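Structural overview
Listed below, chain by chain, are the residues.
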Amino acid sequence: ANLAVLDKSGIIIAVNAAWEKAAREDQDACFARSGVGANYLDAVREAQDLGSEEATEACAGIQSVLSGARPAFMREYPCPSPRQSRWFAMYVIPLFTAQGGAVVAHVDITERKRAEREPHELEVHLRQAKKLASIGVSVRSWVAFHGFALNVSTDLSELRGIGSCGLEPEQL
């Protein structure tokens, strides 16, 4: 986990090696502007100003823990970086000291998010990749209709209204 310790006004007073590595080596946008001495709330507000709904909730949550209005806060959020898109869970818990403050932990939950998405993506893929096949002969008014149609297209909407092998489209 990437950890930062904030004073009661949101200034970062300490970070762990994982936080520094994320900011330095990965050039991670989520951590790059938030080293020791930076105001973490300002970094979150920058994302908020760019229209991030997650940042708006995160800023309010962090402030509520720092003020003592909440015992803790947790929020999952996406975090794009130059290398890859990731997901994190942010946990904010208060420091029980006379000076106050909080610990902010960012835990990488990308694999969990991928696993959650995988069944849905598979279902969508299978729905889009349905095979349409019509094989056979039909006789109507002494006219024989025959043929073969196979479509493996991911978008079958273009075939609506076409009656293959003399069959009505609803029969396909």
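Our subject is the structure that appears above.
The structure presented is a predicted model; accordingly, all values stated were derived computationally and were not measured.

Attention now goes to the environment of Ser 67. Among the structural elements, Ser 67 can be located in helix H3 (residues 53-67). Residues Ser 67 and Ala 102, spaced 35 residues apart in sequence, show a C-alpha to C-alpha distance of 9.8 Å.

Moving on: the packing of aromatic side chains. Pairs of aromatic rings are described using the distance from one ring centre to the other and the angle between the two planes. Applying the stated criterion to the full structure yields two aromatic pairs. A ring pair is formed by Tyr 77 and Phe 88, whose centres lie 5.9 Å apart and whose planes are at 20°; its orientation type is stacked. On the criterion of sequence distance, the pair formed by Tyr 77 in strand S3 (residues 73-80) and Phe 88 in strand S4 (residues 85-94) is long-range, its members being 11 residues apart. Each member of the pair Tyr 77 and Phe 88 is classed as buried. Note that Lys 113 overlies the ring of Trp 87, its terminal NZ or CZ placed 4.4 Å from the centroid.

Now for the packing of helix H2 (residues 40-49) against H3. Packed helices, taken two at a time, are described by the angle their axes make and the gap between the axes. As a packed pair, H2 and H3 sit with axes 8 Å apart at the nearest point and diverge in direction by 155°. With respect to H3, the element H2 is oriented roughly antiparallel. Classified by chirality, the crossing of H3 by H2 is left-handed. Residues Tyr 40, Leu 41, Val 44, Arg 45, Ala 47 and Gln 48 of H2 touch H3, and the partners they reach there are Ala 55, Thr 56, Ala 58, Cys 59, Ile 62, Gln 63 and Leu 66. Along the lines of polarity and charge, the residues of the contact of H2 with H3 split into nine nonpolar, three polar and one charged.

Cut-off values and rules
- Residues numbered from 1 in each chain as written.
- Predicted model: local features only at pLDDT ≥ 70, side-chain atom pairs only at ≥ 80, totals over all residues.
- Heavy atoms only, no water.
- Helix = DSSP H or I, 4+ residues; strand = E, 2+ residues; numbered from the N terminus.
- Phe/Tyr/Trp six-rings, centres within 6.5 Å; stacked < 30°, edge-to-face > 60°.
- Buried < 20%, exposed > 50% of the residue type's maximum accessible area, 1.4 Å probe, protein only.
- Lys NZ or Arg CZ within 6 Å of the ring centre and 35° of its normal.
- Axes fitted to C-alpha atoms, helices over the stretch in contact; angles between N-to-C directions.
- Parallel < 35°, antiparallel > 145°, perpendicular 65-115°, else oblique.
- Left-handed = near helix turned anticlockwise from the far one by under 90°.
- Contact = heavy atoms within 4.5 Å.
- Nonpolar A, V, L, I, M, F, W, Y, C, P; charged D, E, K, R; others polar.

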